[in-house]
Amino acid sequence: MITGPPAIPPRARIPLWTLGAFGFVVAVVLGLRYAGSSHTAGLDALVLPVVDRVEGPLWYLATAIDFAGEPVGAVVVIALFGWLCLRHRRQRIAILMVAASAVTVALTTGLKPLVGRLIHGEFLSYPSGHTAFAVTVATVVGLLVVDVRGLGPVGGASVLVGLIAFAGLAMGWAEVALGAHYPTDTFGGFGVAVAVVPVVGWAVDRFTRPA
């Protein structure tokens, strides 16, 4: 039997659903804006010349960050943070970690051919699955921190936003620096992730309640 606190701590529900609604709008708007395109414009044109194609130590750093979103790296990340959830007796948050990561990866994979945005002329790029995965994990870890430390609405929101921003910026930078994505692809990945977590969290709490 699954016991313990809910996947989404009550004090984190408002900021989490607010982020989710914002992320949904971001993902949809950017997806429609860049559907079927293969060029840089607007924000992409401003950011790419600064970030694109790093070399030397920064390339190794970007590659190391990127590895966390690859299949083997993702399994390691989920196992590590899943164990952390179980260690703190947060079974539902551990389930959320696995389920939300799976849904996010499936959704970003399925959206790529629907949006049809290409990078380097042949690779589907929108939204960034690596960024979405990183943000998903960061969001769930944020929920764990909020619950374990008993943070209030303001503190909880700060932790969530801080972890999400850090993970999104780090992985987003790595993907753009390695030439795998446009900057706006990473924003789309962020949007998908923060939209998925509250929905999956609600489902986990709904279907693991005692009969």
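Residues numbered from 1 in each chain as written. Predicted model: local features only at pLDDT ≥ 70, side-chain atom pairs only at ≥ 80, totals over all residues. Heavy atoms only, no water.

**What about the overall build of the protein chain?**
Reasoning step 1: Helices and strands together make up the secondary structure of the protein chain, namely 8 helices and 2 strands.
Reasoning step 2: Moving toward the C terminus, one meets the helices and strands of the protein chain in the order α-α-α-α-α-β-β-α-α-α.
Reasoning step 3: The C-alpha atoms of the protein chain give a radius of gyration of 17 Å, which matches the 17 Å a tight globule of 211 residues would have.
Reasoning step 4: Taken over the C-alpha atoms alone, the protein chain extends approximately 55 × 35 × 30 Å along its principal axes.
Reasoning step 5: Long-range pairs, those at least 24 residues apart, make up 81% of the contacts in the protein chain between residues at least 6 apart in sequence.
Reasoning step 6: In the form shown here, the protein chain has an accessible surface area of approximately 10400 Å², with 73% of it arising from carbon and sulfur atoms.
Reasoning step 7: Computed over 13 positive and 10 negative side-chain charges, the separation of the two mean positions in the protein chain equals 19 Å. (Helix = DSSP H or I, 4+ residues; strand = E, 2+ residues; numbered from the N terminus. Rg over C-alpha atoms; globule rule 2.2 N^0.38 Å. Contact = heavy atoms within 4.5 Å. Areas by Shrake-Rupley, 256 points an atom, 1.4 Å probe, with all protein chains shown as cover. Lys, Arg positive; Asp, Glu negative; His and termini not counted. Charge placed at Lys NZ, Arg CZ, Asp CG, Glu CD.)

**Some thoughts on the UniProt feature "domain: Phosphatidic acid phosphatase type 2/haloperoxidase" (unreviewed entry) in the protein chain**
Reasoning step 1: Feature annotation in UniProt places "domain: Phosphatidic acid phosphatase type 2/haloperoxidase" (unreviewed entry) on residues 123-205, given in this structure's numbering.
Reasoning step 2: Its end C-alpha atoms 37 Å apart, residues 123-205 is made of 83% helix and 2% strand. (UniProt positions renumbered as here; feature names shortened; annotations may be inferred.)

**A short note on the UniProt feature "transmembrane region" (unreviewed entry) in the protein chain**
Reasoning step 1: This chain's UniProt record puts "transmembrane region" (unreviewed entry) on residues 16-36, 58-86, 93-111, 123-146, 153-174 and 186-204.
Reasoning step 2: In the segment residues 93-111, helix accounts for 100% and strand for 0%; the C-alpha atoms at its two ends are 26 Å apart.
Reasoning step 3: Between the end C-alpha atoms of residues 123-146 the distance is 38 Å, and the span holds 75% helix and 8% strand.

**Looking at the packing of aromatic side chains**
Reasoning step 1: Counted according to the given criterion, the structure contains 2 aromatic pairs.
Reasoning step 2: Directly above the aromatic system of Tyr34 lies the positively charged group of Arg33, at a separation of 4.6 Å from the ring centroid.
Reasoning step 3: Positioned above the aromatic ring of Tyr34, the side-chain terminus of Arg117 is 4.0 Å from the ring centre. (Phe/Tyr/Trp six-rings, centres within 6.5 Å; stacked < 30°, edge-to-face > 60°. Lys NZ or Arg CZ within 6 Å of the ring centre and 35° of its normal.)

**Let's talk about helix 4 (residues 71-87)**
Reasoning step 1: Compared with an ideal rise of 1.5 Å per residue, which puts 17 residues at 24 Å, helix 4 spans 24 Å between its outermost C-alpha atoms and is within 8% of the ideal.
Reasoning step 2: Along helix 4, the positions that sit buried rather than exposed are Gly73, Ala74, Val77, Ile78, Gly82 and Cys85. The arc that holds every buried residue of helix 4, seen down its axis, measures 155°, which confines them to one face. Away from the buried face of helix 4 by more than 90 degrees, exposed residues Val72, Val75, Trp83 and Arg87 are located.
Reasoning step 3: Looking at the buried residues of helix 4, the elements they touch are helix 3 (57-67), helix 5 (91-115) and helix 6 (129-149).
Reasoning step 4: Backbone geometry just downstream of helix 4 places Arg89 in the positive-phi region, at approximately 60°. (Expected span 1.5 Å × (residues − 1). Buried < 20%, exposed > 50% of the residue type's maximum accessible area, 1.4 Å probe, protein only. Arc of directions from axis to C-beta.)

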